[in-house]
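The lines below spell out each chain.
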Amino acid sequence: MRIKTLIGRMFHIGYTVQGVWYLLRRNGWSCQRPARRAIERDKAAIEVWKKEVWPQLEDPRRPTAPGSASKTKPVKG
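This is a predicted model, so every value here is computed, not measured.

Caption draft 1: Summary view of the confidence of the model for the protein chain. Looking at the protein chain as a whole, the pLDDT averages 81, with 77% of positions reaching at least 70. Mean pLDDT in the protein chain bottoms out at helix H3 (residues 43-57), which sits at 88, and peaks at helix H2 (residues 17-26), which reaches 91.

The structure is reproduced here in structure tokens:
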């Protein structure tokens, strides 16, 4: 992490990556985010992807049939 190295060089103090992250968050810093959306953004392609590809990637829902939390007791029914 560049910031960790910079702190070490400037102040002669060693921090872990988690420690640097804690210091940054405590002082109001966060992950870098783009200031604006890309010009090349294709809204139609995004909608197609969300409708066709994303459902295939999502975890399938659990079955609605009753089950047992116990491995040794069968379901009563």
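Past the structure itself, the notes keep going.
Caption draft 2: A look at the packing of aromatic side chains. For the coordinates displayed, the defined rule picks out one aromatic pair. Considering the side-chain rings of Trp49 and Trp54, the 5.9 Å spacing of their centres and the 35° angle between planes classify their relative orientation as tilted.

Caption draft 3: Structural view of a nonpolar patch on the surface. Taken together, the side chains of Leu6, Met10, Phe11, Ile13 and Tyr15 present a nonpolar region at the surface, about 510 Å² in accessible area. When you line up the elements, Met10 lands in helix H1 (residues 2-11).

Caption draft 4: How the structure looks around the packing of H1 against H2. Orientation of H1 relative to H2, taken along the N-to-C sense of each, is 90°, at an axis distance of 9 Å. By the angle between their directions, the pair H1 and H2 is classed as roughly perpendicular. Residues Ile3, Lys4 and Ile7 of H1 pack against Val17, Val20 and Leu24 of H2. Of the residues belonging to the contact of H1 with H2, the class tally is five nonpolar, no polar and one charged.

Parameters and conventions
- Residues numbered from 1 in each chain as written.
- Predicted model: local features only at pLDDT ≥ 70, side-chain atom pairs only at ≥ 80, totals over all residues.
- Heavy atoms only, no water.
- pLDDT = per-residue confidence, 0-100.
- Helix = DSSP H or I, 4+ residues; strand = E, 2+ residues; numbered from the N terminus.
- Phe/Tyr/Trp six-rings, centres within 6.5 Å; stacked < 30°, edge-to-face > 60°.
- Patch = residues over 30% accessible without salt bridge, like charges linked within 9 Å, V, L, I, M, F, W, Y side chains within 5 Å.
- Areas by Shrake-Rupley, 256 points an atom, 1.4 Å probe, with all protein chains shown as cover.
- Salt bridge = Lys/Arg side-chain N within 4 Å of Asp/Glu carboxyl O.
- Axes fitted to C-alpha atoms, helices over the stretch in contact; angles between N-to-C directions.
- Parallel < 35°, antiparallel > 145°, perpendicular 65-115°, else oblique.
- Contact = heavy atoms within 4.5 Å.
- Nonpolar A, V, L, I, M, F, W, Y, C, P; charged D, E, K, R; others polar.

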